[in-house]
Amino acid sequence: MAVSNMVPTVPVLFFFFFFFYTLLLISASSSSLSHNVKVQEQDKDPFVGFNIGTDVTNLLSPTQLVKFLQTQKVNHVRLYDADPELLKALAKTKIRVIISVPNNQLLAIGSSNSTAASWIGRNVVAYYPETLITAISVGDEVLTTVPSSAPLLLPAIESLYNALVASNLHTQIKVSTPHAASIMLDTFPPSQAYFNQTWHSIMLPLLQFLSKTGSPLMMNLYPYYVYMQNKGVVPLDNCLFEPLTPTKEMVDPNTLLHYTNVLDAMVDSAYVSMKNLNVTDVVVLVTESGWPSRGDSKEPYATIDNADTYNSNLIKHIFDRSGTPLHPEMTPSVYIYELFNEDLRSPPISEASWGLFYGNSTPVYLLHVSGSGTFLANDTTNQTYCIAMDGVDAKTLQAALDWSCGPGRANCSEIQPGESCYQPNNVKGHASFAFNSYYQKEGRASGSCDFKGVAMITTTDPSHGSCIFPGSKKVGNRTQTVVNSTQVAAGEATSRSLSSGFYVSIMILVTSSMLLPFW
């Protein structure tokens, strides 16, 4: 009797075991699918990335650079080549990267399918998917900078795409080429824009390729140059994303759309230009945009304040996801030019001054961004210092030191003979203390750590021994009062900025209705 009862029990138990095991597998599969969907949705959200140029003295090593990107919560970068060491360092980091074919390689790749296949094998297949390569930018502003290579552009793009197809990577990795804004003409109002007809024989098949493959139109868009070329016509506030009253917004008379900033107008000009060639399903990706922090006498608007304002407002504009007037449903993603100052670049001065950071990862200036989530949100923003730069001659430093302790009213008592910060007794050491005293007194405000280009911001506490720099969290017997007073001053400044505009300092760190001829 007992035996006969057990016989049907075995398959029943087996059934329930199999049933619950299957449920577990489905649950795990569903969880994995859900994760993949979330990742795909994140990829579709607008983002801000950074261009990384390498004409930099003492650039961080690839490992240090990747760690720096992770600290800053930077998840999208664009390289101007396909550096193997950096691609290795980016493996398993979730940082998405665009790699590039330099202009001088177009001839070889555009002339040979086997060369293109070799390039893909060496620079893509060897690293993907551990390194999340999302796109290949083929050349840079080829039509306007090396027009002789223009006939090779589309063949190079198609050869690289075919090599991706052969490796079954064509759906994951897009292929396109960045263009200068000057390939568009009559760009304001945006509704009248069109591509320069000189390039129609290249642009039309290129756009058809982008449409067929789901790839973006890459555009390098600089309101800075729009302003420099149209001073007195285009207001500076329009270029810097500064708030405007409705009467000062730019209005397109054909669509009656209001434009509050120049970048949106440039993006919509690209959409209209594509529509004029019957292409309406290609999105615009802004592969470069930025503002220089220094310039010579011919570029007086290349300042730290303007660079800070532009890039801060640009980041907030993208994360607001408000789109453009023509396409409010589509906010373009933007790669800021650039992450580091490329100090080895040839003049003018502005060419070496587009970065948000120096090559050693100290910030050129502090961005002011609110509502950006964890992006660029590292915990060093609450503790920054201003010190003298290396390599500055003693006479120039002395002049800046004299101003700090004199008209600048920095507290320089601690660098007097016998005081705790008198040693080391040299102009650089004393200047660093004075610069930082002024910087903290000013509430670490934008532009308060410059001193005609001889100072820089650092996140490393310069205090040493018994010498405690203003703003330091270290405690020193003789400087406790000074430290406290500067912290209070900084706190008061922060409170004022928060109450006036709810800004959060974050490290990394637009006339009566008018028609304007833009760029």
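Residues numbered from 1 in each chain as written. Predicted model: local features only at pLDDT ≥ 70, side-chain atom pairs only at ≥ 80, totals over all residues. Heavy atoms only, no water.

By the naming in an unreviewed UniProt entry, the protein is glucan endo-1,3-beta-D-glucosidase, taken from Camelina sativa. Its UniProt record gives the protein a comment under Sequence similarities (unreviewed entry), which states: "Belongs to the glycosyl hydrolase 17 family." (UniProt positions renumbered as here; feature names shortened; annotations may be inferred.)

A. Spatial organisation of the confidence of the model for the protein. Of the residues in the protein, 80% have a pLDDT of 70 or more, and the chain-wide mean is 83. Low confidence marks residues 1–42, where pLDDT is under 50. Its contacts with residues over four positions away, or in another chain, come to 1 contact. (pLDDT = per-residue confidence, 0-100. Contact = heavy atoms within 4.5 Å.)

B. Main features of empty space enclosed by the protein. Of the voids in this model, the largest cavity is the one considered here, and its volume is about 60 Å³. Along the lines of polarity and charge, the residues of the lining of the largest cavity split into 8 nonpolar, 4 polar and 1 charged. (1 Å grid on protein atoms, 1.4 Å probe; cavity = no way out; pocket = protein on both sides within 12 Å on 5 of 7 lines; lining within 4 Å. Points joined across faces, edges and corners; volume = space filled by probe spheres on them. Nonpolar A, V, L, I, M, F, W, Y, C, P; charged D, E, K, R; others polar.)

C. Region of the structure containing the packing of aromatic side chains. Under the definition given, this model contains 21 aromatic pairs. Judged by centre distance (5.6 Å) and plane angle (70°), the ring pair of Tyr 222 and Tyr 225 falls under edge-to-face. Taking relative accessible area as the criterion, Tyr 222 reaches 10% and is therefore assigned buried. What makes Tyr 225 partly exposed here is its relative accessible area of 30%. (Phe/Tyr/Trp six-rings, centres within 6.5 Å; stacked < 30°, edge-to-face > 60°. Buried < 20%, exposed > 50% of the residue type's maximum accessible area, 1.4 Å probe, protein only.)

D. Structural view of the pairing of strand S3 (residues 96–101). Of all 6 residues in S3, 6 are buried; the element is thus mostly enclosed. The alternating pattern of S3 places Arg 96, Ile 98 and Ser 100 on one face and Val 97, Ile 99 and Val 101 on the opposite face, and all of these are buried. Taken together, the 3 bridges between strand S2 (residues 76–79) and S3 define a ladder with parallel strand orientation. By the bridge assignment for S3, Val 77 is matched with Val 97. A crossover connection joins S2 to the parallel S3 through helix H3 (residues 84–89); in handedness this β-α-β unit is right-handed. (Helix = DSSP H or I, 4+ residues; strand = E, 2+ residues; numbered from the N terminus. Pairing = 2+ DSSP bridges. Right-handed = clockwise from strand over helix to strand, strands pointing away.)

E. Expanded view of the nonpolar core. By size, the foremost hydrophobic cluster in this structure holds 105 residues, and its most contacted members are Trp 119, Val 124, Ile 136, Val 138, Met 203 and Leu 217. Looking at which element gives the most residues to this core, the answer is helix H7 (residues 150–166), with 9 residues. Those residues in contact with Trp 119, other than ones at most four positions away along the chain, are Ala 82, Ile 99, Ser 100, Val 101, Gln 105, Ile 109, Val 124, Ile 136 and Leu 160. Core analysis: the second largest hydrophobic core is formed by 24 residues, Ile 415, Ala 431, Tyr 439 and Ile 457 among them. (Core = buried A, V, L, I, M, F, W, Y, C linked by side-chain atoms within 4.5 Å.)

F. How the structure looks around the sheet that holds strand S6 (residues 178–180). Spatially, the 9 strands line up as an open sheet ordered S5-S4-S3-S2-S1-S13-S12-S9-S6, and their pairing is parallel. Since the sheet does not close on itself, it has two edges, and those belong to strand S5 (174–176) and S6, each with one partner. Neighbour-to-neighbour, the strand axes of the sheet open up by a mean angle of 25°, direction not taken into account. With 3 bridges joining them, S6 and strand S9 (residues 217–220) adopt parallel strand pairing. Counterpart to Ala 180 in the pairing with S9 is Asn 220. Packing against the sheet, helix H12 (residues 304–320) makes contact with strand S1 (48–52), strand S12 (284–289) and strand S13 (334–336), and its axis sits at approximately 160° to S13. (Axes fitted to C-alpha atoms, helices over the stretch in contact; angles between N-to-C directions.)

G. Structural detail: the state of the cysteines. Tallying each qualifying case throughout the model produces 3 disulfides. A disulfide bridge connects Cys 405 with Cys 412, and the sulfur atoms are separated by 2.0 Å. Given an S-S torsion of about -90°, the disulfide between Cys 405 and Cys 412 has left-handed geometry. Under the relative-accessibility criterion, Cys 405 is labelled partly exposed at 32%. One disulfide bridge connects Cys 421 with Cys 467, the sulfur atoms lying 1.9 Å from each other. (Disulfide = S-S within 2.5 Å.)

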